[in-house]
Amino acid sequence: QYLVPLGDNMLVEPSKTTGRADAEMLEIVQHLLLSSPPGEFDEVWYDAQILVPKLISPQILAGIARAYNHENLSVAKTADGLHVLLHKAAEISPTRYVDYTTRATFRVDHVLRGAVTVKETLIPTMHDVMRHAIDDAARSYVMTTFDVDARPSAAVHVNVGRAELVIAMSGERANLSNFWSGNWRSEWTVVLGDGEAIVSGTVKVRAHYFEDGNVQLQTTKAFHPACIFFETPRMLGTVIIEQVRTAESALQCGLERMYDNVSVKTAKAMRRVLPITHVKMNWNIHELSLNRSFSLSKNAQQER
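Student: Can you break down the layout of surface pockets residue by residue, with the values?
Tutor: Over the atoms, a rolling probe the size of a water molecule traces out where space has been left empty. The computed volume of the largest pocket comes to approximately 700 Å³. Taken together, 24 residues form the lining of the largest pocket, with Phe146, Asn183, Trp184, Val205 and Gln252 sitting closest to its centre. Elements represented by at least two residues in the lining of the largest pocket include exactly helix H4 (128-145), strand S8 (164-175), strand S9 (180-192), strand S10 (196-209) and helix H5 (233-270). For the lining of the largest pocket, the element with the most residues is H5, which contributes seven residues.

Written as structure tokens, this is what we have:
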């Protein structure tokens, strides 16, 4: 059984390590692994093994990988190509996840991001008709909105004991040979009522470019609750996904405008108005050449 988080910073009790230095080093390695850019967890882990061999046990690594997969909405893949979105609302135990669409559970290896189907059939849950309608709309949305190379995934889960559904969607592309990677992930909560629903959510975007440098973008946008009305489950799925489409499109347009203005506004704000001498640089090449000639002539006369 994998370790679960024991605090805000550590996934393992420091007292269980061999000393304070190892505990501090473990915390650093854990932070680096959890901060790994999209598609680069394995590369960071490979480097960590070289720097601190034998510090992290397989159990600790599995716990870190589990936390990373939940945060990044990673996808585990079965041998027959089925994708399992690793979301905390779908977790039965640290290594078992449920898929309401296929009505099966999966045993997951968080480090390798592999999954094996467990031959179990789930009984229908509360709000199953509505969940199914939203699930169909969400899957159609990600397949038509995300690039196919991003391996888009969507899943809708039931918060047991509450009239509440959770929508999770993600897409990730990593082209490390060309020095870039990125992901787009969002989580939406649907609180069901009589003919109405309250929808709220959060979208997270992360991009990494590291050719001759190390530049990252991390954006988190929370969308306030909005009330929608519906008459049928199918209408509910359509209206919710249209709400999601509008919100995510607005965020993408905002990011594009930011990039258009980054050289004019952001980069300009980072520069000094004047150098440290408080004198503007004179870029007149003829004047600079003349000053240089005078300086050389003056130095020659002093040498005589």
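This is not the end of the story, as more comes after the structure.
Student: Give a detailed account of the sheet that holds strand S5 (residues 104-109), specifying residues and quantitative values.
Tutor: If you trace the six strands from one edge of the open sheet to the other, you get S2-S1-S6-S5-S4-S3, paired in mixed fashion. Edge positions in the sheet fall to strand S2 (83-85) and strand S3 (91-93), since each of these pairs with one other strand and no more. Direction aside, the axes of adjacent strands within the sheet are offset by 40 degrees on average. Pairing analysis gives two bridges linking strand S1 (residues 75-78) to strand S6 (residues 114-118), with the strands arranged parallel. Residue pairing across strands places Lys77 opposite Gly114, the latter belonging to S6.

Student: Explain the sheet that holds strand S11 (residues 215-229) residue by residue, including any values.
Tutor: Reading across the sheet, the five strands line up as S7-S8-S9-S10-S11 and stay open at both edges, with antiparallel pairing between neighbours. The open sheet has two free edges, formed respectively by strand S7 (153-158) and S11, since each of these has just one partner strand. Here the strands of the sheet are splayed against their neighbours by 10 degrees on average, with no regard to which way each runs. Pairing between S8 and S9: twelve bridges, direction antiparallel. Bridge pairing links Val166 to Thr189 in S9. Across the sheet, H4 is in contact with S7, S8 and S9; its angle to S7 comes to roughly 165 degrees.

Student: With reference to specific residues and values, describe the packing of helix H1 (residues 20-34) against helix H3 (residues 58-72).
Tutor: As a packed pair, H1 and H3 sit with axes 9 Å apart at the nearest point and diverge in direction by 35 degrees. The two elements H1 and H3 cross, and the hand of that crossing is right-handed. When H1 is examined against H3, the residues Leu26, Gln30, Leu33 and Leu34 are found in contact with a partner set consisting of Ile60, Leu61, Ile64, Ala67 and Tyr68. A class-by-class count of the residues in the contact of H1 with H3 yields eight nonpolar, one polar and no charged.

Student: With reference to specific residues and values, describe empty space enclosed by the protein.
Tutor: By the definition in use, this model includes one cavity of 30 Å³ or more. As a volume, the largest cavity reaches approximately 40 Å³. Forming the walls of the largest cavity are Glu71, Leu73, Arg185, Ser186, Glu187, Thr202 and Lys204. Counting only elements with at least two residues in the lining of the largest cavity, the list comes to S9 and S10. Considering every element that reaches the lining of the largest cavity, the biggest residue donor is S9, with three residues.

Student: For the environment of Ser177, give the residues involved together with the corresponding values.
Tutor: Along the chain, Ser177 turns up in the loop between S8 and S9. Sequence spacing of Ser177 and Glu211 is 34 residues, and the spatial spacing of their C-alpha atoms is 9.7 Å. Of note is the side chain of Ser177, whose polar atom sits 3.0 Å from the side chain of Asn175.

Here is what the cut-offs are and how they apply
- Residues numbered from 1 in each chain as written.
- Predicted model: local features only at pLDDT ≥ 70, side-chain atom pairs only at ≥ 80, totals over all residues.
- Heavy atoms only, no water.
- 1 Å grid on protein atoms, 1.4 Å probe; cavity = no way out; pocket = protein on both sides within 12 Å on 5 of 7 lines; lining within 4 Å.
- Points joined across faces, edges and corners; volume = space filled by probe spheres on them.
- Helix = DSSP H or I, 4+ residues; strand = E, 2+ residues; numbered from the N terminus.
- Pairing = 2+ DSSP bridges.
- Axes fitted to C-alpha atoms, helices over the stretch in contact; angles between N-to-C directions.
- Contact = heavy atoms within 4.5 Å.
- Left-handed = near helix turned anticlockwise from the far one by under 90°.
- Nonpolar A, V, L, I, M, F, W, Y, C, P; charged D, E, K, R; others polar.
- Polar contact = N/O pair within 3.5 Å; in protein donor to acceptor, adjacent residues only side chain to side chain.

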